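# Summary of structural features
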Amino acid sequence: MRRKYYLIDTENVGDRWFKLSAKTRKKDRIVTFYTENHSKRFEKYLSKQVHNHKILWLECVPGSNALDYQLMGALSYLIAKHPKSSFCIFSNDKGFQETVAFWKQRGIDICQKEFQIKKKKEKKEKKSSDTKKKKQTLQKAELSISEKTKDLNPGKLSGEQYVTEIAKSLDASNLSGWYQTLVAILGQENGRAWYLKIKEDHELRKKLCKSRVNNKQGRGVHLVKTALQAHGLNVARAAEAYKIIQSHNKENLKAISAEFDKKFGQNPPQKYYKALKPLIRVLKENL
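We now turn to the structure provided with this report. Only a predicted model underlies this, so the values are computations on that prediction, with no experimental measurement involved. (Residues numbered from 1 in each chain as written. Predicted model: local features only at pLDDT ≥ 70, side-chain atom pairs only at ≥ 80, totals over all residues. Heavy atoms only, no water.)

### Focus: the overall build of the protein chain
The condition that has to hold: Counting from the N terminus, the helices are the DSSP runs of H or I reaching at least four residues and the strands are the DSSP runs of E reaching at least two. Between two residues, a contact is recorded if the distance between any of their heavy atoms is within 4.5 Å. Surface accessibility in these figures is a Shrake-Rupley result with a 1.4 Å probe; residues are shielded only by whichever protein chains are displayed.
Each helix and strand in the protein chain was counted, giving 15 helices and five strands. Counting only contacts in the protein chain whose residues sit at least 6 apart along the sequence, the fraction spanning at least 24 positions is 64%. As displayed, the protein chain has an accessible area near 16,500 Å², and 50% of this comes from carbon and sulfur atoms.

Written as structure tokens, this is what we have:
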């Protein structure tokens, strides 16, 4: 029997593919595409399964739709090397349908499947149940953020207000940049909840697009200011912090960290650098 390659779009299906390895044959391969913005569950699973011969781990460069393009590039390579194998893309992203049709026309055994774990009897109720749960999750996340900001720091904003401020800096179509920024500012749980809301609500994205500032430096300084405000730091130093980040290569984190120490002091240590480190790639590439 032919080997089957499963290509996992983790940005789209999250951690729901973890049980796939147990359901595949020894000769099959699971090619996992992920970025530095993966979940804590993913990191734990990777550490346990890193030596699993069935799973290939491919860390992708983050960016707007970047993982999708890298997945399609790897798919083309695998098809060229193993044209008699079969392939399956696990993703709910409609954008892969044209890719699947392209290769099918050329005689390749390929398909796309949504990665859903559900019982047969629950299929009809699944969509409505998921929608309700998603709404409840988002409502809880927004309430949680609102309550925390009121209790801890009256100068902070609500989740909705932070989204409005971030929209002044980021294009609403830049979902990867939004994910990194939301998690950095709102935390993993609340940031992911808002990311899913923005990703699935096309009308909301259209509204957010209208807020974007025209000047690139203005967008960058404003994003830094928003992040500093979320961490209770001095927003008046946003322009200075942005200048430091722009004066170095995005890969040279040691130089950026050292200059933050020099300009902002080390008492308390690294507060400004730690607050902005998750946003360095966004500030350098995605504005």
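### Points about the sheet that holds strand 4 (residues 86-90)
Pairing between sheet strands relies on hydrogen bonds along the backbone, with the strands arranged either parallel or antiparallel. Cut-off, in case you're wondering: When DSSP finds two or more bridges between a pair of strands, those strands are recorded as paired. Geometry is summarised by axes, namely lines fitted to C-alpha atoms with helices restricted to the contacting stretch, and by angles between N-to-C directions that run from 0 to 180 degrees.
With parallel pairing, the five strands of this open sheet are ordered in space as 3-2-1-4-5. The open sheet has two edge strands with one neighbour each: strand 3 (55-59) and strand 5 (109-113). Going from strand to strand, the sheet's axes swing by 20 degrees on average, the running direction of each strand aside. Taken together, the five bridges between strand 4 and strand 5 define a ladder with parallel strand orientation. Its bridge partner being in strand 5, S86 is matched across the sheet by D109. Sheet strands touched by helix 4 (residues 66-81): strand 1 (4-9), strand 2 (29-34), strand 3, strand 4 and strand 5. Its angle to strand 1, the strand with the most contacts, is close to 170 degrees. Running over the sheet, helix 5 (residues 97-104) touches strand 4 and strand 5 and is turned about 165 degrees from strand 5.

### Observations regarding the pairing of strand 1
Short version of the rule: Three labels apply to residues, based on accessible area from a 1.4 Å probe with only protein chains included: buried if under 20% of the type maximum, exposed if over 50%, partly exposed otherwise in between.
Of all six residues in strand 1, five are buried, a share of seventy percent or more. Of the strand pairs in this sheet, strand 1 and strand 4 are connected by five bridges, and their pairing is parallel. By the bridge assignment, Y5 is partnered in strand 4 with F87. Here strand 1 pairs with strand 2 via five bridges, running parallel. Following the sheet pairing, I8 is matched in strand 2 by T32.

### A word on the side chain of R29
For the record, the criterion: Charge assignment in this entry is limited to Lys and Arg as positive and Asp and Glu as negative, and neither His nor the chain termini are counted. Each salt bridge in this description consists of a side-chain nitrogen of Lys or Arg and a carboxyl oxygen of Asp or Glu lying within 4 Å of one another. For this analysis, a polar contact is any N or O atom pair within 3.5 Å, provided that within protein one partner can donate a hydrogen and the other can accept it, and provided that sequence-adjacent residues contribute only side-chain to side-chain pairs.
Summarising the element assignment, R29 is placed in strand 2. Buried and unpaired, R29 has D28 as its nearest opposite-charge partner, separated by 6.9 Å. For R29, the side chain forms a polar contact with the main-chain oxygen of K27, separated by 3.3 Å. Look past the residues within four positions of R29 in its chain and what remains in contact with it is R3, K4, Y5, Y6, H53 and K54.

### Some points on the layout of surface pockets
Quick reminder of the rule: Only protein atoms enter the 1 Å grid used here. Points where a 1.4 Å probe fits but cannot escape make up a cavity, open sets with protein on both sides within 12 Å along at least five of seven lines make up a pocket, and a residue lines them when an atom lies within 4 Å of a point. Grid points are joined across faces, edges and corners, and a volume is the space filled by probe spheres set on the points. Following the grouping adopted for this structure description, the nonpolar residues are Ala, Val, Leu, Ile, Met, Phe, Trp, Tyr, Cys and Pro, the charged ones are Asp, Glu, Lys and Arg, and the polar ones are all others, Gly among them.
Considered as a void within the structure, the second largest pocket measures approximately 370 Å³ in volume. Lining of the second largest pocket is provided by 15 residues; of these, E36, N37, Q180, K277 and P278 occupy positions nearest its centre. Going through the elements one at a time, helix 8 (175-186) and helix 15 (280-285) are the ones with two or more residues in the lining of the second largest pocket. A per-element tally of the lining of the second largest pocket places helix 8 first, with four residues. Grouping the constituent residues of the lining of the second largest pocket by class yields six nonpolar, three polar and six charged.

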